[in-house]
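In case you want the letters, here they are:
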Amino acid sequence: MRKFEYQVEAVTGHCSCGYKVGDVFHCEGMNTPDVPFCGGAYMALFPIQVALHNGATFNFEKNPKSKRNLACPDNGYVTFKLTEFSDKFG
């Protein structure tokens, strides 16, 4: 089953969930992260997770199975990187 990692890349303002740069969250397949996770941020990340899950690649990224600079809908104060791993995390 494909596994996904959400990593907080930057925090440039107030984050109501208290996320910090370097925070990491994991999920598998089409599921939500394995711990409570911000619904607003998830809504911004999930379409990319669906695309990667279905074989999409982002050839303009350093890692084509990863997408960077995904902003939460809360003024874009928090940005994430989403990475797909085929077998295991990191």
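For the structure itself, look to the data block above.
In every chain, residue numbers begin from 1 and rise along the written sequence. Reporting of local features is limited, given that this is a predicted model, to residues whose pLDDT is at least 70; pairs of side-chain atoms are given and counted only at 80 or more, and all residues count toward the totals for whole chains, interfaces and linings. Only hydrogens and water are set aside when side-chain values are computed; all heavy atoms of the structure are taken into account.

Draft legend 1. Seen up close, the overall build of the chain. Helix and strand counts for the chain stand at 1 helix and 4 strands. When the helices and strands of the chain are listed from N to C terminus, the series reads β-β-α-β-β. Radius of gyration here is computed from C-alpha atoms only, and the compact-globule reference equals 2.2 Å multiplied by the residue count raised to the power 0.38. Its C-alpha atoms give the chain a radius of gyration of 12 Å, within 12% of the compact-globule value 12 Å for 90 residues. Once the C-alpha set of the chain is aligned to its principal axes, its extents read approximately 35 × 30 × 20 Å. Relative accessibility decides the category of a residue: with a 1.4 Å probe and only protein chains considered, values under 20% of the type maximum give buried, values over 50% give exposed, and everything between is partly exposed. Within the chain, buried positions represent 34% of all 90 residues. Accessible surface, the chain as shown: approximately 5,100 Å² in total, 54% of it carbon and sulfur. The charge count includes Lys and Arg as positive and Asp and Glu as negative, but it does not include His or the ends of the chains. Taken as the charge centre is NZ of Lys, CZ of Arg, CG of Asp or CD of Glu, depending on the residue. The centroid of the 9 positive side-chain charges in the chain is displaced by 6 Å from the centroid of its 9 negative side-chain charges. Secondary structure elements follow DSSP: runs of H or I no shorter than four residues count as helices, runs of E no shorter than two count as strands, and numbering proceeds from the N terminus. Methods summary: accessible areas were calculated by the Shrake-Rupley approach with a probe of 1.4 Å, and residue burial reflects only the protein chains presented.

Draft legend 2. Structural context of the environment of Gly55. Inspection of the secondary structure assignment puts Gly55 in the loop between helix 1 (39-53) and strand 3 (66-71). With 29 residues separating them along the chain, Gly55 and Glu84 place their C-alpha atoms 9.9 Å apart.

Draft legend 3. Focus on the sheet that holds strand 1 (residues 3-11). Here, any two strands with at least 2 DSSP bridges between them count as paired. Within the open sheet, the 4 strands sit side by side as 2-1-4-3. Their pairing is antiparallel. Strand pairing shows two members of the sheet lacking a second neighbour, strand 2 (24-28) and strand 3, which therefore form its edges. The average angle at which neighbouring strand axes cross in this sheet is 25°, direction not considered. Both strand 1 and strand 2 contribute to a ladder of 5 bridges, which runs antiparallel. Bridging across to strand 2, Lys3 finds its partner in Glu28. Residues count as neighbours in contact if any of their non-hydrogen atoms are within 4.5 Å of one another. In this analysis, axes come from line fits to C-alpha atoms, helices being fitted only over the stretch in contact, and the angle between any two N-to-C directions falls in the range 0 to 180 degrees. Its contacts with the sheet put helix 1 on strand 1, strand 2, strand 3 and strand 4 (78-85), and the angle it makes with strand 4 is roughly 25°.

Draft legend 4. Geometry of the pattern of salt bridges. Salt bridges, as used here, are contacts in which a Lys or Arg side-chain nitrogen is within 4 Å of a carboxyl oxygen on Asp or Glu. If you walk through the whole model with that rule in mind, you get 5 salt bridges. Of the charged contacts, one joins Glu84 and Arg2 as a salt bridge, the two residues approaching to 3.8 Å between their closest N and O atoms. You can see Glu84 sitting in strand 4 and its partner Arg2 sitting in the segment before strand 1, a full 82 residues away along the chain. We classify Glu84 as buried; its relative accessible area is 4%.

Draft legend 5. Structural context of the state of the cysteines. The term disulfide is used for any two cysteine sulfur atoms that are within 2.5 Å. Evaluated as defined, the whole model comprises 0 disulfides. Of all cysteine sulfurs in the structure, the one in Cys17 sits closest to Cys38, which takes part in no disulfide; the separation is 4.0 Å.

Draft legend 6. Representation of the nonpolar core within the structure. Here, nonpolar core means buried Ala, Val, Leu, Ile, Met, Phe, Trp, Tyr and Cys residues that are tied together by side-chain atoms lying within 4.5 Å of each other. Counting residues in hydrophobic clusters, the biggest one holds 19 residues, and the most contacted among them are Tyr6, Tyr19, Phe37, Leu45, Phe80 and Leu82. Listing elements by their share of this core, those giving two or more residues are strand 1, strand 2, helix 1 and strand 4. The greatest single-element share of this core, amounting to 5 residues, is contributed by helix 1. Ignoring anything within four residues of it in the chain, the contact list for Tyr6 reads Asp23, Val24, Phe25, Cys27, Pro33, Phe37, Tyr42, Leu45, Gln49, Phe80, Lys81 and Leu82.

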